[in-house]
Amino acid sequence: MKDIEKTQEIRINDVVEIVFASLFAKRGKTIFTPQKSEGKAFAPTNIALCKYWGKRDVKLNLPVTSSLSVALPTHGSTISITPLDRSSDVIVLNQIEINPASDFAKRLRAYVDLFRIAHQQFFHFDIAMNIPVAAGLASSAAGFAAIILALDDLFAWQLPKQSLSILARLGSGSAARSLWNGFVEWQSGALASGMDSYGVPLDVVWPHLCLGIVPISHDEKPISSRRAMQQTVDTSALYQSWPQKVAHDLSLLKMAIEKKHFPLLAGTAESNALNMHATMLSSWPPICYFHPNTIAAMHRVWALRQTGVEIYFTQDAGPNLKLIFESENTQIVKEHFPGVECIRVFD
Ligand code: PMV
């Protein structure tokens, strides 16, 4: 492992080799041979309270900073993978067969190729998502986490969650946090291979903590988070201040979690999200995920806070807003945000 850290350019396949080294020594090539007729898994989506925005290695999805999220235990991706006796994959998403030439299919196949011997094994993927796809609701996080869990089931790897988190990250950065429920910190790590960049769950339960998904638009986002992130890192003058902001927010969030201090938790999350969007607005060409209704909902949150209601928001790479509040305010939230879906995150 020491040698690989000095390698000029570490490839995704090198990381896969490192993760499977000891299993390969035991099972040889059978590590990529199905051990049962179906691999199945569910992974929750996660909402970052301190965002991952910017990569230090684009290929390996290694982040510039650590980040911290909370999972939505009932919302995410359920995947079933069955080996096929034919020469191509079949991908079904929410009961509709996906065009093999689509970006979605290409991205999934490229990921699964990492775990096929000589690319000879094909699969039927049955994916059910109860969150909108590519609308800034972390569908890719839940998706890639569920795929790697289902592959672990199919190939009977029994890998530790930490290793699965590393592998999920290779599909989508934020997927590194979707292997657990509750609060998860994705530690940025410092190694070039990213073997120290994975999710770590926090052993805390906050029974009254709620998130509300405000349905602004379920349309696909205008620019992928992948591209938006790179454009921000490359062109935004404000991005320089982002790592410092994250370090500060992470320490505040951990303190808030430890003390169960709600305004500190949710206020820090809101400020973090707005700072992330400020880096995007200041990139060139500018990136704006705000829909007029996003802004209107933000103003409603701020107006309610003026009246003493403890309600905050966060927003990812899409127009939808996620409200953060405690269960005592559920009724008020429902009254002021018609159509909002309220989720108790520790149920
Ligand atoms: O993992 P990606 O490439 O979908 O990026 C996620 C980026 C944000 O959702 C905006 C932030 C985060 O930490 O989830």
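Preceding this paragraph is the structure being described.
In this text the structure is predicted, and so the values were computed from the model without any measurement.

A. The nonpolar core, seen in detail. Core analysis: the biggest nonpolar cluster contains 53 residues, and F20, F115, W157 and L167 have the highest contact counts within it. Looking at this core, the elements that each hand over two or more residues are α2 (12-27), β1 (39-50), β4 (67-84), β5 (90-93), α3 (103-113), β7 (122-129), α4 (139-154) and α5 (161-171). The greatest single-element share of this core, amounting to 10 residues, is contributed by α4. For F115, the contacting residues outside a window of four places in its chain are V16, F20, F32, I148, L151, F155, W157 and L167. Listed in part, the 40 residues of the second largest apolar core include L72, W186, M280 and F346.

B. Structural detail: the packing of aromatic side chains. Counted by the stated rule, this structure contains 17 aromatic pairs. Aromatic pair F20 and F115: ring centres 6.2 Å apart, planes at 70°, arrangement edge-to-face. Of this pair, F20 sits in helix α2 while F115 sits in the loop between α3 and β7, placing them 95 residues apart in sequence. Note on F20: relative accessible area 2%, which makes it buried. On the accessibility criterion, F115 (1% relative accessible area) is buried. The interplanar angle of 55° and the centroid separation of 5.7 Å between the aromatic rings of F115 and W157 together place this pair among those described as tilted. Taken together, the positions of F115 in the loop between α3 and β7 and W157 in the loop between α4 and α5 put the pair 42 residues apart, joining distant regions of the chain. You'll find F115 and W157 in the same group, each marked buried. Feature note: the residues F20, F32, Y111, F115, F123, F125, F144, F155 and W157 constitute an aromatic cluster, connected by ring pairs.

C. Examining helix α9 (residues 292-306) more closely. With 15 residues, α9 should cover 21 Å at 1.5 Å per step; its first-to-last C-alpha distance of 21 Å lies within 8% of that length. Three or more residues of α9 are buried, namely T294, A297, M298, V301 and L304. Mapping the buried residues of α9 onto a view down its axis gives an arc of 125°, with all of them on the same face. Summarising the geometry of α9, the exposed residues directed more than 90 degrees from the buried face are P292 and Q306. Looking at the buried residues of α9, the elements they touch are α8 (262-281), β11 (312-315), β12 (321-326) and α10 (330-336). Of the residues flanking the end of α9, it is G308, one or two places downstream, whose phi is positive at about 95°.

D. Up close: the site of the ligand. Around the ligand, the structure places 14 residues, and the nearest of them are Y52, S172, S174, R177 and D316. Take R177: an N or O atom from its side chain is 2.8 Å from an oxygen atom of the ligand. When the ligand is considered free in solution it has 380 Å² of accessible area, and contact with the protein chains removes 93% of it. Residues that form the shell around the ligand fall into these classes: six nonpolar, five polar and three charged.

About the thresholds
- Residues numbered from 1 in each chain as written.
- Predicted model: local features only at pLDDT ≥ 70, side-chain atom pairs only at ≥ 80, totals over all residues.
- Heavy atoms only, no water.
- Core = buried A, V, L, I, M, F, W, Y, C linked by side-chain atoms within 4.5 Å.
- Buried < 20%, exposed > 50% of the residue type's maximum accessible area, 1.4 Å probe, protein only.
- Helix = DSSP H or I, 4+ residues; strand = E, 2+ residues; numbered from the N terminus.
- Contact = heavy atoms within 4.5 Å.
- Phe/Tyr/Trp six-rings, centres within 6.5 Å; stacked < 30°, edge-to-face > 60°.
- Expected span 1.5 Å × (residues − 1).
- Arc of directions from axis to C-beta.
- Near = heavy atom within 4 Å.
- Polar contact = N/O pair within 3.5 Å; in protein donor to acceptor, adjacent residues only side chain to side chain.
- Areas by Shrake-Rupley, 256 points an atom, 1.4 Å probe, with all protein chains shown as cover.
- Nonpolar A, V, L, I, M, F, W, Y, C, P; charged D, E, K, R; others polar.

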